[in-house]
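# Reading the structure
Residue-level listing of the chains:
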Amino acid sequence: MHYTVPRELFEDLVKNVGKESAEKFVNAIERFLEVIQKESQKEISEKKETLKAELY
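Now for a description of the structure that goes with this document. (Residues numbered from 1 in each chain as written. Predicted model: local features only at pLDDT ≥ 70, side-chain atom pairs only at ≥ 80, totals over all residues. Heavy atoms only, no water.)

### Some thoughts on the nonpolar core
As a reminder, the rule being used: Definition of nonpolar core: a set of buried residues of the types Ala, Val, Leu, Ile, Met, Phe, Trp, Tyr and Cys, connected through side-chain atoms within 4.5 Å. When accessible area is computed with a 1.4 Å probe and restricted to protein chains, residues below 20% of their type maximum are described as buried, those above 50% as exposed, and intermediate ones as partly exposed. Put simply, DSSP H or I for four residues or longer makes a helix, DSSP E for two residues or longer makes a strand, and each gets a number counted from the N terminus. Contacts between residues were defined by any pair of non-hydrogen atoms, one from each residue, lying within 4.5 Å.
If you look at the biggest cluster of nonpolar residues, it comprises five residues: V5, F10, L13, A22 and V26. Counting residues per element, the ones that place at least two in this core are α1 (7-17) and α2 (19-55). If near-sequence neighbours (up to four positions away) are discounted, F10 is found in contact with V5, A22, E23 and V26.

### Digging into the packing of α1 against α2
For the record, the criterion: Helix axes are fitted to C-alpha atoms over the stretch in contact, other axes to C-alpha atoms as well, and angles between N-to-C directions run from 0 to 180 degrees. Here is the rule for angles: anything less than 35 degrees is roughly parallel, anything more than 145 is roughly antiparallel, 65 through 115 is roughly perpendicular, and the remaining ranges are oblique. We call a crossing left-handed when the near helix sits turned anticlockwise from the far one by less than a right angle, and right-handed when that turn is clockwise. Polarity classes work like this: nonpolar for Ala, Val, Leu, Ile, Met, Phe, Trp, Tyr, Cys and Pro, charged for Asp, Glu, Lys and Arg, and polar for all others, with Gly in that last group.
In contact at an axis separation of 7 Å, α1 and α2 are set at 135° when each is read in the N-to-C sense. Between α1 and α2, the interaxial angle falls into the category oblique. Here the hand of the crossing between α1 and α2 comes out right-handed. Together, F10, L13, V14 and V17 of α1 and K19, S21, A22, E23, F25 and V26 of α2 make up the contact between the two elements. Residues that form the contact of α1 with α2 fall into these classes: seven nonpolar, one polar and two charged.

### Description of the environment of E39
Relative to the elements of secondary structure, E39 occurs in helix α2. Along the backbone, E39 and V5 are 34 residues apart, and their C-alpha atoms lie at a distance of 20 Å.

### A few points about the environment of Q41
Mapping Q41 onto the fold places it in helix α2. In the structure, Q41 is positioned 34 residues away from R7 in sequence and 27 Å away in space, judged by C-alpha atoms.

In structure tokens, the structure reads:
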């Protein structure tokens, strides 16, 4: 799943820091959220495997 920053937030950032800086900041946030999601999925999978092993 790909995360995107709400348009209103992006527009506020553009007003405050300029378009180029806002784009860099938003891209960094979106990449960060993707990393968190991948790590969460990895942990969930590991916990599932651990529970399966404990049950059998």
